[in-house]
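If you want the building blocks of each chain, they are given just below.
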Amino acid sequence: MIIMSEKLENSLKHWLESISSIALLPELEKVKSELLGKSGIVTTALREVSKLPIEKRKIFGEKLNNAKSSIEEAIANQISKIKRSMVEDKMNSEAVDITLPSINESFGSVHLLTRAMRQIRDHYHARGFLVLDGPEIETDFFNFDALNIPKHHPARQSHDTFYIDGFDEVLLRTHTSCVQVRTMLKTGIPVRMISIGKTYRNDKLDSTHSPMFHQVEGLVIDRNSLTVGHLKNELKRFISAFFETDDVAIRLRPSYFPFTEPGMEIDCRCNKNGGKLTITKDGADWLELAGAGMVHPDVFKHCGIDGEVYGFAFGFGLERLVTLRAGVADIRNIYDTDIRWLRYFRSCA
Ligand code: FA5
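Below is a short write-up of the structure.

## Notes on the packing of helix α5 (residues 112–126) against helix α11 (residues 318–326)
Step number 1: Packing of α5 against α11 leaves a shortest axis separation of 10 Å and a crossing angle of 105 degrees. Considering their axes alone, α5 and α11 lie roughly perpendicular with respect to each other. The residues of α11 that touch α5, namely those facing L112, L113, A116, M117, Q119 and I120, are L318, E319, L321, V322, R325 and A326.

See below:
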């Protein structure tokens, strides 16, 4: 019988005092098992107490239970103390010196689209254009009516528009041409501006289309004669700058935009060898790059400009320019977050 004798009491006292000096978790587990485990000293003593006469059972039982609680508490405290100190040791040994130079070369980079937007902005800024923006949520007056695309005009269907729920006349702009309208109404003439921004059409996502894409739009208006020659010169300069070559030949192909008269598509001579595209005067192929034209007189009227005025406008799809220049065949890759694409885009800088 090892019930609560003076010897056992002293022994438990001694165990209790020693717990706070144990520094390793396995050692602590061992002590816990020796005292409180199935055949541990305290457990065995408690079992034997039940065999004592009732008056002794009460006294010894209480003493043993108190000793058991004290030991449990001491062990739990010591476990959290050891764990805390392990975390502190780890933090101290893994401390980061943020003043050291980086040894990790995988830093981020400016995205291909952002880089192109900045280049285009800088190009036109240097040529005396204002860089302006307008809202992405527009009314159909700015997106369609003022641009000579009244209700029921078939051209509206080709724009496949996203309307805002509950508003028949409020929509996500389908092109950046609305910024032209806002500029004419606000500043009058002369105008020399570009706008770069997001546009939206209910087009299915495929290798050349996305429901959200970016356009670059330019507008020049003056009382002095402006001709298709001026438009051609401006576009050629831009293509040269963007593709970093003077070896550029463009052609103007008749086309239709309700807000231009005449309207045209701008094609550029190139060579398409396999997937590789080279812009060159001697190229065998033509590449469609932009829509353009002289501003339609009705647009001037809708925008409160009268008298003898001349103007030209042009519009590029930014993703088209960027995919061509970077040699990316699929527009979806432009929006991809796959690190391999992002690394490739960085290498195109
Ligand atoms: C226009 O949007 C005219 N506002 C451009 C313009 C401006 C013409 C001024 C004349 C004068 P268009 O619908 O063709 O034109 O679109 C212009 C370019 O946007 C296209 O050449 C194409 O590169 C790009 N684009 C159109 N739809 C998408 C789409 N769903 N995804 C990606 N790019 C697109």
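On we go.
## As for the pairing of strand β9 (residues 285–295)
Step number 1: Burial runs high along β9: eight of the 11 residues are buried.
Step number 2: Sheet analysis places strand β7 (residues 260–273) next to β9, joined by nine bridges and oriented antiparallel. Its bridge partner being in β9, I266 is matched across the sheet by A290.
Step number 3: In this sheet, strand β10 (residues 310–317) lies alongside β9 in antiparallel orientation, the contact comprising five bridges. In the strand pairing of β10, G291 is matched with G315.

## Digging into the site of the ligand
Step number 1: Close contacts around the ligand come from 22 residues, with S177, R201, D203, S210 and Q215 the closest.
Step number 2: Between D203 and the ligand, the recorded distance is 2.7 Å, taken from a side-chain N or O atom to a nitrogen atom.
Step number 3: Between Q215 and the ligand, the recorded distance is 3.0 Å, taken from a side-chain N or O atom to an oxygen atom.
Step number 4: Alone, the ligand offers 670 Å² of accessible surface; in the complex the protein occludes 88% of this.
Step number 5: Listing elements by their share of the shell around the ligand, those giving two or more residues are α8 (177–187), β5 (212–222), β9 and β10.

## As for the pairing of β7
Step number 1: As paired strands, strand β6 (residues 250–255) and β7 are joined by six bridges and run antiparallel to one another. Looking at the pairing, L252 lines up with I266 of β7.
Step number 2: Linkage of β6 to β7, two consecutive antiparallel strands, is achieved through a turn of four residues.
Step number 3: Note that β7 and strand β8 (residues 276–279) share four bridges and pair antiparallel. Pairing of K272 across the sheet is with L277, part of β8.

Definitions and limits used
- Residues numbered from 1 in each chain as written.
- Predicted model: local features only at pLDDT ≥ 70, side-chain atom pairs only at ≥ 80, totals over all residues.
- Heavy atoms only, no water.
- Axes fitted to C-alpha atoms, helices over the stretch in contact; angles between N-to-C directions.
- Helix = DSSP H or I, 4+ residues; strand = E, 2+ residues; numbered from the N terminus.
- Parallel < 35°, antiparallel > 145°, perpendicular 65-115°, else oblique.
- Contact = heavy atoms within 4.5 Å.
- Buried < 20%, exposed > 50% of the residue type's maximum accessible area, 1.4 Å probe, protein only.
- Pairing = 2+ DSSP bridges.
- Near = heavy atom within 4 Å.
- Polar contact = N/O pair within 3.5 Å; in protein donor to acceptor, adjacent residues only side chain to side chain.
- Areas by Shrake-Rupley, 256 points an atom, 1.4 Å probe, with all protein chains shown as cover.

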